[in-house]
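# Notes for the structure review
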Amino acid sequence: MKKITVLFLAVMSIHFLFDQEIFAQSQRWQQSVSYQMDIEMDVKTNQYTGKQTIAYSNNSPDTLNQLFFHLYYNAFQPNSMMDVRSRSISDPDRRVGDRISKLSPEEIGFIHVESLLINGQEVEMEEVGTILEVQLPEPILPHSTVLLESEFIAQVPLQIRRAGRDNAEGVRYSMSQWYPKLANYDEQGWHANPYIGREFYGIWGDFDVKITIDKSYILGGTGYLQNNNEIGYGYEDEGVEVKNPSGATHTWHFYAPKVHDFMWAADPNYTHEKLITEDGITLHHLYVKNKETKNTWPKLKEYTAKTMAYLSERYGAYPYKQYSVIQGGDGGMEYPMATLITGHRPMGSLVGVMMHELAHSWFQGVLASNESLYPWMDEGFTTYASTLSMSANYLKPTANENPLKGAYVGYERLVKSGLEEPLSTHADHFHTNTAYGSASYSKGALFLAQLGYIIGEETRNKAMLRYWEAWKFKHPNVNDFIRIMEKESGIELDWYKEYWVNSTKTIDYVISEVTEKDNALTVMLERKGLMPMPIDLIVTYENGEKESYYFPLAIMRGGKAAESDLPERVKTSRWPWTNETIEISIDQSTSKVASIQIDPSERMADIDKSNNLWTSAK
Ligand SMILES: [Zn+2]
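Only a predicted model underlies this, so the values are computations on that prediction, with no experimental measurement involved.

Cut-offs used in this document
Residues numbered from 1 in each chain as written. Predicted model: local features only at pLDDT ≥ 70, side-chain atom pairs only at ≥ 80, totals over all residues. Heavy atoms only, no water. Phe/Tyr/Trp six-rings, centres within 6.5 Å; stacked < 30°, edge-to-face > 60°. Helix = DSSP H or I, 4+ residues; strand = E, 2+ residues; numbered from the N terminus. Buried < 20%, exposed > 50% of the residue type's maximum accessible area, 1.4 Å probe, protein only. Pairing = 2+ DSSP bridges. Contact = heavy atoms within 4.5 Å.

## Here's the deal with the packing of aromatic side chains
One pass over the structure, following the stated rule, counts 44 aromatic pairs. Centroid distance tyrosine 235 to tryptophan 252: 5.8 Å. Interplanar angle 90°. Geometry classified as edge-to-face. Pair noted here: tyrosine 235 is in the loop between α3 (228-231) and β17 (249-259) and tryptophan 252 is in strand β17, with a separation of 17 residues, a long-range link. Each member of the pair, tyrosine 235 together with tryptophan 252, is buried. Relative to tyrosine 394, the ring of tyrosine 303 has its centre 5.3 Å away and its plane inclined at 65°; by these criteria the two rings are edge-to-face. Separated by 91 residues along the polypeptide, tyrosine 303 in helix α4 (residues 297-315) and tyrosine 394 in helix α6 (residues 375-395) bring together distant segments of the chain. Counting every residue linked through ring pairs, the aromatic cluster contains Tyr35, Tyr48, Phe152, Trp178, Tyr179, Phe207, Tyr233, Tyr235, Trp252, Phe254, Phe262 and Trp264.

If you want it as structure tokens, here you go:
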């Protein structure tokens, strides 16, 4: 017991240093945690018991009278909120459907906290589905740290969604959302969201986790293995001879600093392959070798290394020394320092899902915006980054193709479906899964793509690195993001956020009238859609010369610098958004105009591009 206390204090002091770092950089406070867990897993009953000790620091200016824990595995029981929602939504996730309602007592998931002490005192608690509500005997004062000690018992559900046992590819344990996890409290209050479908939000801290399990099992997950030379299975340091300890179990000891969640996976048949990147990051790949994986997984490592370098250069240096790609779960799901992906895929799909989940390490893992409130700041930005990575590192398309075309098409389809809801909708509260998916992934990716159009590609790229430096490990929200873009560009952008995120108004600009008189061509541009945007207009003359016209919105209080792939600018004038039309006069005395085009880069998500081009009748 004494040994544990000493270690615990050491962990806490690291963690306080981390807090000071946060305060030095930002005015915003955030809670912090330090978890210690001892887990005993029974691979015959699929049940496990846990002892959990948490040092919880209330860095807020508020006095807390309650605490909330997530008990995610309780979702996998007939009539849970997740089950009812899945059976009543018009377009259920095929992986879930009505499967939860049919689980037997041996197949359900559960997690129950059997005892909980705060600073040694018992608390009053009530389990309400996937949330444990805790009433405190004494309030937690601002700027104080309390010790929470609990014991819990849990059963791993048959794999339905994300976590579980015995997934479709036969992987025994995909252990995510598996422990009593403290809900976050921030400047917007408590976030004790029940587990219905998506998404997650955690508190930054350290995880010290010991998992005792049948010794035939090979594990992977979040965190650095502390007793790697005792465990072996490819984790041992080079040249070390692993002595197999006696007894039927191994205790795997992991430590993960500065993360907001902890995932692990286990299977007796995992093949473990390791690669150390040029930047010194160890990449672990764990998969079950069979005819579906033997030709693809060994080649995956090189792509993981390439993607890690590509994303680090563009979005900020990956801050951990390890990343693990693990076969498991039900598709692809991101966790700190690791991912669970299904493995029976053709090479392109395997690389694509790895890139997507790895890109989450930046937006979900380290920037870590509240994914329930701002799912698009995670899924959309991740889609944007991984799509470009896939294009650069795997598909290598020709220069003319826009790699993000799929996102534009996805967004247009959403608009035409009539199902669209604002991006600002809470992830669980979209009326349909379609609306959630297209909004978060496609419309979210276009948020960044269009910013390149509005403030210029180079400025947007620089601002992404500035965003990382300013907000890593701090849970930024949409205002924090847009302020960085404003600071880097010198352009006011609140209008863009309001329209694109908080409304479903769409963009449609039109060349509505062209009239010729003497040597002058008068062109009328019209804003037909309800969302205003700055306009790039290209005029091509019959002699082959090109000119560009630029109409920033007056409310931008500035404009982007000329872009190198557009012709020379002959005119810039501000467009007040209240005016539906603007008129320009083009001199044709040297050469007649052959064509006029709105946004030839097609970065603007104009929902009707058929009226963006005018050509002289021949
Ligand atoms: Zn994703």
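## Some details on the sheet that holds strand β5 (residues 121-122)
Strand order in this open sheet of eight strands is β5-β4-β8-β2-β1-β14-β17-β16, and the pairing throughout is mixed. Each edge of the open sheet carries a strand with a single partner, namely β5 and β16 (224-225). Where strand β2 (residues 47-58) lies against strand β8 (residues 144-155), twelve bridges are found, and the strand directions are antiparallel. Within the sheet, the bridge partner assigned to lysine 51 lies in β8 and is glutamate 151.

## Considerations on the environment of asparagine 612
For asparagine 612, the position within the fold is in the loop between β30 (593-598) and β31 (613-615). According to the relative accessible area criterion, asparagine 612 is buried, its value standing at 6%. C-alpha separation for the pair asparagine 612 and isoleucine 596, spaced 16 residues apart in sequence, amounts to 8.2 Å. Those residues in contact with asparagine 612 that sit more than four places away from it in its chain are Tyr509, Ile511, Ile596, Gln597, Ile598 and Asp606.

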